[in-house]
Amino acid sequence: MPYPIDKSPLYKVTSIHRLAAVLQVRVGRLRNTSYLAGQFKEGTAESKGKQRVTETPVRSLRRLHNQVQKLLARIETPDYLHSGKLKRSYLSNAETHLDNSQYFKADIAKFYPSCRRHHVYLCFKDCFGCSGDIAGILATLLTHKGHIPTGSPVSTLLSFYCHKAMFDTLAELATSNQLKMTVLQDDITFSGDDINEDFRSGVRKVIKFRGLIPKRAKQKFIHGGKSPRVTGIMVTSEGLKVPWSRHKALRDAINDFEQASTEMEMRNSYQKVMGRLSEIERVQGKIFDLKQRLKHDFRARLEFKSADLSC
């Protein structure tokens, strides 16, 4: 069961021995923060057609990040948060905004890189009530090159706690305007009957006051009966729907599966088909008996291949 922040083992840690016990590491490791903090692997990964830098903790530092993530995940969080929580996801985030007429989506530019070391330090010092030296150790170990890393398991919740005051302010602003608000990492969505320019301007001011930059290209105000896309899901009057592009991707994957000539190609393309189909069915429900038909076809083709090789 989630508990209040003041019940967390991370709350009001004032000694390095206590911190070592909480993080399940030796005190000597924590005294040598420069060695631990250097255990990062950098690389690149493609996301939405763009190459993005990845910063992943490894070895002992990875275990430490995992432990902090587990501890943060046990703390009660506001209802508006849909990332880093059990039974919450991009689906629950989109579902919250069903049956509304206007939507406003805000996005923070380079959110993880914008969560600087001093934000992490102040998070543990002020929000968690840790002593300054303990907050400094945690800030050093949980950041890379002065910011929250992109590939750490702790980054989602840690970035939220670093800017929780800002998100709480936005939630209060939404409530005072009879609007719903959800947060999924750096995606902030508002919905209701009347989202005027004064409110939208107020949202931008709150974000800027925190020293962050609202990404203009991703700010969208949707009204007039149009269906918005909320964290990748279409919110329509008939319920949640996946975008047409995902249906096209499924058709393309099925075509690749049907045209596969070798067993390896067949297995790889079948896994891709099933992944895309499951993604759609999570949102819209079962698509006739397509999954069963594909499974039957896959098994039959494998048996045919085996029989052909034995001849």
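Look a little higher up for the structure.
Residues numbered from 1 in each chain as written. Predicted model: local features only at pLDDT ≥ 70, side-chain atom pairs only at ≥ 80, totals over all residues. Heavy atoms only, no water.

A.B. asks: It is not clear to me how the packing of aromatic side chains should be interpreted in this structure. Could you clarify?
C.D. replies: Centre-to-centre distance and the angle between the planes together describe a pair of aromatic rings. All chains considered together, the criterion is met by 12 aromatic pairs. Seen from their ring centres, F128 and Y161 are 5.8 Å apart, and the 65° between their planes marks the pair as edge-to-face. Of this pair, F128 sits in the loop between α7 (117-127) and α8 (132-141) while Y161 sits in helix α9 (residues 155-162), and the two are 33 residues apart along the sequence. Classification of F128 as buried rests on a relative accessible area of 0%. For Y161, a relative accessible area of 2% corresponds to the buried category. Seen from their ring centres, F257 and F298 are 6.3 Å apart, and the 50° between their planes marks the pair as tilted. Within this pair, whereas F257 is found in helix α12 (residues 244-259), its partner F298 is found in helix α14 (residues 290-310), the two being separated by 41 residues in sequence. With relative accessibility at 9%, the residue F298 sits in the buried group. Linked through ring pairs, Y80, F111, Y112, F124, F128, F160, Y161 and F167 together constitute an aromatic cluster. (Phe/Tyr/Trp six-rings, centres within 6.5 Å; stacked < 30°, edge-to-face > 60°. Helix = DSSP H or I, 4+ residues; strand = E, 2+ residues; numbered from the N terminus. Buried < 20%, exposed > 50% of the residue type's maximum accessible area, 1.4 Å probe, protein only.)

A.B. asks: What is the right way to read the packing of α12 against helix α13 (residues 263-284) from this model?
C.D. replies: A pair of packed helices is captured by two measures, namely the crossing angle of their axes and the spacing between those axes. Contact geometry of α12 with α13 gives a least axis separation of 8 Å together with a crossing angle of 155°. Relative to α13, the element α12 lies roughly antiparallel. Relative to α13, α12 is oriented so that their crossing is left-handed. For the pair formed by α12 and α13, the contact residues are R246, H247, A249, L250, A253, I254, D256 and F257 on the first element and M266, S269, Y270, K272, V273, R276, L277, E279, I280 and Q284 on the second. Looking at the contact of α12 with α13 residue by residue, the class counts come to 10 nonpolar, 3 polar and 5 charged. (Axes fitted to C-alpha atoms, helices over the stretch in contact; angles between N-to-C directions. Parallel < 35°, antiparallel > 145°, perpendicular 65-115°, else oblique. Left-handed = near helix turned anticlockwise from the far one by under 90°. Contact = heavy atoms within 4.5 Å. Nonpolar A, V, L, I, M, F, W, Y, C, P; charged D, E, K, R; others polar.)

A.B. asks: How should the sheet that holds strand β4 (residues 180-184) be read in this particular structure?
C.D. replies: As a general point, the strands of a sheet are linked pairwise by backbone hydrogen bonds and lie either parallel or antiparallel. Spatial ordering of the open sheet is given by β4-β5-β3-β6, a layout of 4 strands whose pairing is antiparallel. Pairing within the sheet leaves two strands with one partner each, and these edge strands are β4 and β6 (220-222). Neighbour-to-neighbour, the strand axes of this sheet turn through a mean angle of 15°, independent of strand direction. Sheet topology note: the β4/strand β5 (residues 187-192) ladder contains 5 bridges and is antiparallel. Within the sheet, the bridge partner assigned to T182 lies in β5 and is T189. Strands β4 and β5 of the sheet are contacted by helix α10 (residues 164-176), whose axis makes an angle of about 155° with β4. Running at roughly 20° to strand β3 (residues 102-107), helix α11 (residues 197-209) makes contact with β3, β5 and β6 of the sheet. (Pairing = 2+ DSSP bridges.)

A.B. asks: Sorry if this is basic, but what is going on with the sheet that holds strand β8 (residues 233-236) here?
C.D. replies: Spatial ordering of the open sheet is given by β7-β8-β9, a layout of 3 strands whose pairing is antiparallel. Single-partner strands in this sheet number two, and they are β7 (229-230) and β9 (239-241). Looking at chain direction, β8 and β9 are connected through 3 bridges and run antiparallel. Paired with M234 across the two strands is K241, which belongs to β9.

A.B. asks: What's the story with the pairing of β4 in this structure? I'm lost.
C.D. replies: The side chains of a regular strand alternate between the sheet's two faces. Counting buried positions along β4 yields 4 of 5 residues, so the element is predominantly enclosed. A loop of 2 residues connects β4 with β5, the two strands running antiparallel in sequence, and Q185 in this loop sits at a positive phi of about 55°.

Taken by themselves, the reported measurements are silent on function.
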